Structure formats: structure tokens, C-alpha cells
Amino acid sequence: MNGFEKAITEKMQSIYPHITLDAPVDSSFEFEKMKKKLFKKYPEKIVAIAPAHSKQIIIQTADSENPAAVYFRAINAVNEAQVSTLEKKLTHTHSLKYALNNQQIIIGKTLAKNLDVTVGDTCTLLFSYSDELSTKESSFESIKVVIGDIMNTGIVQYDKYLIFGSHELMKELTGQELVTQIGIKLSEGCDDVTFMKELEIAFNVEANSWKTLYPALVSASKLEKYVMLFLLALIK
């Protein structure tokens, strides 16, 4: 793996597990049952599994006149630490479990700057059952939360538009307890592309990795490899 490819892989896996399974539209995984099936069927390929669920919401501060539309990703702190390196991207507590305790959330560095907030400050999360988030036309459920930590992933879109909270907080805000994604950490040497196809056939779900979600980055890393080989050939 070359330098650029290694850097991109490490950065993307700060958010993404090796593989993410997506539940069919308008449905939810029965996480514990799915977890048992996966470990039973692939004990040598799977190291860890984590549940997740995402919803578009609005976050605002008491002094802010411009609330921000963001994605709230509900995670299990213990499980998530086993499938991604998100915990290492936290700038204060360095602990997902501590950062998400007692209705706390994690927000990105860019979002924190835009909202002018830091760890310990209070924000309000607003959720609408409408697909279109409009503060003028929608009816919102709201809940006050505390900034438990700030993440610095180095990925602009995530540091600006993504927040993390617990499944319990998501349920309190939306009234829903769903698991629409399952993150999987693979054993060393397991080929993610081949295994994704195997999972899709076995469980009739969609499987992705950051490589399938961001093919342009994969192409760029391959291009760097080809350029390096070409330059080496010229030197020889």
C-alpha cells in the first residue's frame, strides 16, 4: 500500500468500519439476532460488529440565529470503538463512552467553530418527521444536549455535517429505536470486496466499504501507484 493510499484508508476508517451493511429501505435490523448469525457463519472473518442509525436533524445554540442541518448518527460507544478509529479522533475525552454519557453528543471541529461552541456547552437538537427540514413549515420535537467532545477527522464533510450520539438519545428525540446499519471489522487478510459480495447474497442486504462509497479516492490512489511505477521504470 503506497503513502497516499495508506493515508486515505486510515482517514476514511476513522468514520467507516471495514464493511457497512445497510438494512432494506424502511426496515431495521434485529441487531442481536443478526450479530449472532454473522459471528456463527463467519467466525474467522469477523472481529467485531457495531449497530448504527442515522437521521437528518437540526442543531442550534441559544445564541445562534442560523441553525445547522446535520446528520445525527446513533452509535453504541463500546461497539463502535471496536470497529472504527473514531475514538482516536476525539480532541478532549478520547473516550466514546465518556463523551456520549448523559445526553452528550460529539460534533465535528468545523461545526463547533461555526456554532461557536466547545465541550460542556449546551445545544438544542430539533427533529421533524417530515422529510423536508424547514423551520417555518415543520413541526419539531426538541431536546437539549451537551457537547461531550469534538472530533477532528480531517474530512471536511464529516467535521461540518455529522454528529454522534447514543441510541438512547436518538430514541428520546425521535421515539424510534432502529438499527439501519451494521458496521463490521474484518480479520486481517480478509478481502473486503469478496466478502461484501458474499454478505449481500447470504443476507439479501446492501454492503459497502469506503472504497465503494468513494470510488474517486480509490482511483486516485491507484493512479499514484501507476505514476510511481512509471517513474521507477524511467529511472531504471
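Since we're looking at a predicted model, the values are computed, not measured. (Residues numbered from 1 in each chain as written. Predicted model: local features only at pLDDT ≥ 70, side-chain atom pairs only at ≥ 80, totals over all residues. Heavy atoms only, no water.)

Visitor: Explain the overall build of the protein chain to me, please; I cannot follow it from the model alone.
Guide: When helices and strands are counted, the protein chain shows 10 helices and nine strands. Here the protein chain holds 236 residues, and the buried ones make up 44% of them. Taking the contacts inside the protein chain whose residues are at least 6 apart along the sequence as the reference set, 73% of them involve residues at least 24 apart. (Helix = DSSP H or I, 4+ residues; strand = E, 2+ residues; numbered from the N terminus. Buried < 20%, exposed > 50% of the residue type's maximum accessible area, 1.4 Å probe, protein only. Contact = heavy atoms within 4.5 Å.)

Visitor: Help me understand helix H2 (residues 31–41), please; the structure alone is not making it clear to me.
Guide: Residue pairs spaced three or four apart in an α-helix point in one direction, given the helix's 3.6 residues per turn. Every buried residue of H2 is listed here: Phe31, Met34 and Leu38. Down the axis of H2, the smallest arc covering the buried residues is 65 degrees, so these residues share one side. Facing away from the buried side of H2 by over 90 degrees, the exposed positions are Lys33, Lys36 and Lys40. Lining the buried residues of H2 we find strand E1 (19–22), strand E2 (46–60), helix H3 (77–83), strand E8 (181–186) and helix H8 (192–203). (Arc of directions from axis to C-beta.)

Visitor: Help me understand the side chain of Asp192 in this model?
Guide: By secondary structure assignment, the location of Asp192 is in helix H8. Those residues within four positions of Asp192 in sequence are excluded, and the remaining contacts are Ile19, Leu186, Ser209 and Lys211.

Visitor: Explain the side chain of Thr153 to me, please; I cannot follow it from the model alone.
Guide: Summarising the element assignment, Thr153 is placed in the loop between strand E6 (141–151) and helix H6 (156–161). Looking at Thr153, its side chain comes within polar contact range of the main-chain nitrogen of Ile155, at 3.0 Å. A polar contact of 2.9 Å, which involves the side chain of Thr153, links it to the side chain of Asp159. (Polar contact = N/O pair within 3.5 Å; in protein donor to acceptor, adjacent residues only side chain to side chain.)

Visitor: I'm lost on the nonpolar core in this one. Help?
Guide: Counting 23 residues, the largest nonpolar core has Ile57, Ile59, Ile105, Ile107, Leu111, Leu125 and Ile163 as its most contacted members. Among the nonpolar cores identified, the runner-up in size contains 20 residues, and Met34, Ile46, Leu186 and Phe195 belong to it. (Core = buried A, V, L, I, M, F, W, Y, C linked by side-chain atoms within 4.5 Å.)

Visitor: What is the right way to look at the pattern of salt bridges in this model?
Guide: Where charged atoms from two side chains of opposite charge come close, those side chains can pair. Under the criterion given, the structure shown has three salt bridges. Notably, a salt bridge pairs Lys33 with Glu30, separated by 3.2 Å at the nearest N-O pair. Across the pair, exposure class does not vary: Lys33 and Glu30 are exposed alike. A salt bridge links Lys45 to Glu198, with the shortest nitrogen-to-oxygen separation between them at 3.0 Å. With Lys45 in the loop between H2 and E2 and Glu198 in helix H8, the pair connects residues that are 153 residues apart, well separated along the chain. (Salt bridge = Lys/Arg side-chain N within 4 Å of Asp/Glu carboxyl O.)

Visitor: How should unusual backbone geometry be read in this particular structure?
Guide: Trans peptide bonds make up the majority, and among non-glycine residues the majority have a negative phi. Its identity is not glycine, yet Asp26 carries a phi of approximately 60 degrees, on the positive side. Note on placement: Asp26 falls in the loop between E1 and H2. Residue class for Asp26 comes out exposed when judged on its relative accessible area of 80%.

Visitor: Would you take a moment to explain the confidence of the model for the protein chain for this structure?
Guide: For any part of a model where pLDDT is low, the fine detail of the predicted coordinates should not be relied upon. Summarising the model, the protein chain shows a mean pLDDT of 84, and 80% of its residues fall at 70 or more. In this model residues 215–236 is a low-confidence stretch, pLDDT under 50, and it forms 17 contacts with partners more than four residues away in sequence or in other chains. (pLDDT = per-residue confidence, 0-100.)

Visitor: Looking at this structure, how should I read the environment of Asp116?
Guide: If you trace the backbone, Asp116 turns up in the loop between helix H5 (109–115) and strand E5 (122–127). Between the alpha carbons of Asp116 and Thr61 there is a distance of 8.7 Å; along the sequence they are 55 residues apart.

Visitor: Would you take a moment to explain the pairing of E6 for this structure?
Guide: The side chains of a regular strand alternate between the sheet's two faces. In terms of strand pairing, strand E4 (residues 104–108) meets E6 through five bridges, oriented parallel. Paired with Gly108 across the strands is Met151, a residue of E6. Taken together, the six bridges between E5 and E6 define a ladder with antiparallel strand orientation. Bridge assignment links Cys123 to a residue of E6, and that residue is Val145. (Pairing = 2+ DSSP bridges.)

Visitor: Help me out: how do you make sense of the packing of H2 against H8 in this one?
Guide: Packed helices, taken two at a time, are described by their axes: the angle between them and the distance between them. At their nearest, the axes of H2 and H8 sit 13 Å apart, and the two run at 125 degrees to each other. By the angle between their directions, the pair H2 and H8 is classed as oblique. Classified by chirality, the crossing of H8 by H2 is right-handed. Here H2 contributes Met34, Lys37, Leu38 and Lys41 to the contact with H8, which in turn contributes Leu199, Ala202 and Phe203. Its residues placed into classes, the contact of H2 with H8 shows five nonpolar, no polar and two charged. (Axes fitted to C-alpha atoms, helices over the stretch in contact; angles between N-to-C directions. Parallel < 35°, antiparallel > 145°, perpendicular 65-115°, else oblique. Left-handed = near helix turned anticlockwise from the far one by under 90°. Nonpolar A, V, L, I, M, F, W, Y, C, P; charged D, E, K, R; others polar.)

Visitor: What exactly am I supposed to notice about helix H7 (residues 167–174) here?
Guide: Within H7 the residues assigned to the buried category are His167, Leu169, Met170, Leu173 and Thr174. Axial view of H7: buried residues confined to an arc of 160 degrees, hence all on one face. Of the exposed residues in H7, the ones pointing more than 90 degrees away from its buried face are Glu168 and Glu172. In this fold, the buried residues of H7 make contact with E2, strand E3 (68–75), E4, E5, E6 and strand E7 (162–166). Following H7 by one or two positions, Gly175 adopts a phi angle in the positive range, close to 80 degrees.

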